[in-house]
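Chain by chain, the residues:
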Amino acid sequence: VLFRSDDLIKAYPELSNIKVITNAFISDGTLGSFDTNKTTGEKTINIAGSYAVKTKEQFKSTLIHEIQHAIQEIEGFASGGNPDEMGRYAIEENKKILEQKYSHLPSYKAAKENGELDKWVIDMVNATGTGITPHEAYRRLAGETEARNASARMNMGAEERRNTLLSETADVSPEDQIVLMDGQGVQDARPEYVNVSLTEYAKAVKGWNERETVRAKSQELILPQAPKGGVKNQNYRDWETDRKSNV
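Residues numbered from 1 in each chain as written. Predicted model: local features only at pLDDT ≥ 70, side-chain atom pairs only at ≥ 80, totals over all residues. Heavy atoms only, no water.

S.K.: Looking at this model, I keep getting lost on the environment of Ser16. Mind explaining?
M.R.: Structurally, Ser16 is set in the loop between helix H1 (6-11) and strand E1 (19-24). For Ser16, a relative accessible area of 49% puts it in the partly exposed group. Here the side chain of Ser16 touches Pro13 through a polar contact of 2.7 Å, landing on its backbone oxygen. (Helix = DSSP H or I, 4+ residues; strand = E, 2+ residues; numbered from the N terminus. Buried < 20%, exposed > 50% of the residue type's maximum accessible area, 1.4 Å probe, protein only. Polar contact = N/O pair within 3.5 Å; in protein donor to acceptor, adjacent residues only side chain to side chain.)

Dropping the structure here:
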């Protein structure tokens, strides 16, 4: 038995009705997920197979992470999410940052006049590396921070857990967390992020994630195509520098 807690089931008897599926195939390298079927109400925790979850410790950590998401739904707490859901938040956050730095550029003024500021923001983030990505916004979700914290504390004894504040083990400070309720919208201290539409930004989010993947794979990747005004066959690092200088 990897995980057993009679006290947890006593506090949340609803957890005993959740189906746990192991060796699940989950796309995009995700280790686990918690889902509620909107039609039947059935709740499921999926744990990825050994292609992603390599050890018993990682399995236990992932299970506890997803159980915490189930508790959030039961309690009505801030929920988790995924990077694709955070595209709109990233657009609005980056717009504020980029406007402060680059509102003098002709490209900004043209985009504003033509009602294309969102596209301008996406292009500028890709060109300069400035701003928050959807994945960074996802990590800042209060529900995700709480679920990671539950996993981080899983090997603590009862006394250590009592004597260690949640804020001491959380990896995102409370003031930097983003509150997502019921997966419907993004809300933090500012009202403009309540119940915003997210689906129209899926394409932009995909582009950002692809760019991050390329960067993570190798900073020395040779790119035959030159950025505007740049040199062909540069490594990725020089290509990015060249591209930023020609924004």
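S.K.: Would you explain the packing of helix H3 (residues 87-102) against helix H5 (residues 117-128) in this entry?
M.R.: Two quantities define a packed helix pair, namely the angle between the helix axes and the distance between the axes. Where H3 contacts H5, the two axes come as close as 9 Å, and the packing angle between them is 75 degrees. Here H3 lies roughly perpendicular to H5, going by the angle between them. The segment H3 lies against H5, with Arg88, Ile91, Asn94, Lys95, Leu98, Glu99 and Tyr102 engaging Leu117, Asp118, Trp120, Val121, Ile122, Met124, Val125 and Thr128. Tallied by class, residues from the contact of H3 with H5 come to nine nonpolar, two polar and four charged. (Axes fitted to C-alpha atoms, helices over the stretch in contact; angles between N-to-C directions. Parallel < 35°, antiparallel > 145°, perpendicular 65-115°, else oblique. Contact = heavy atoms within 4.5 Å. Nonpolar A, V, L, I, M, F, W, Y, C, P; charged D, E, K, R; others polar.)

S.K.: How should the pattern of salt bridges be read in this particular structure?
M.R.: Any two side chains of opposite charge can pair, so long as their charged atoms come close to each other. This model, assessed by the stated rule, comprises eight salt bridges. The salt bridge partner of Arg88 is Asp118, with a shortest N-O separation of 3.4 Å. Note that Arg88 is positioned in helix H3 and Asp118 in helix H5, a separation of 30 residues in sequence. Take Arg88: its relative accessible area is 14%, and that puts it in the buried class. (Salt bridge = Lys/Arg side-chain N within 4 Å of Asp/Glu carboxyl O.)

S.K.: How should the nonpolar core be read in this particular structure?
M.R.: Nonpolar side chains in soluble globular proteins tend to end up buried together. Counting 17 residues, the largest nonpolar core has Leu15, Ile45 and Ile67 as the members making the most contacts within it. Among the elements of the structure, strand E3 (43-48) and helix H2 (56-75) are those that each provide at least two residues to this core. With five residues, H2 is the single largest residue contributor to this core. Among the nonpolar cores identified, the runner-up in size contains eleven residues, and Ala111, Leu117, Trp120 and Met124 belong to it. (Core = buried A, V, L, I, M, F, W, Y, C linked by side-chain atoms within 4.5 Å.)

S.K.: Looking at this structure, how should I read the side chain of Asn46?
M.R.: Tracing the sequence through the fold places Asn46 in strand E3. Given the relative accessible area of 13%, Asn46 is considered buried. In this structure the side chain of Asn46 is engaged in a polar contact, spanning 3.1 Å, whose partner is the side chain of Asp35.

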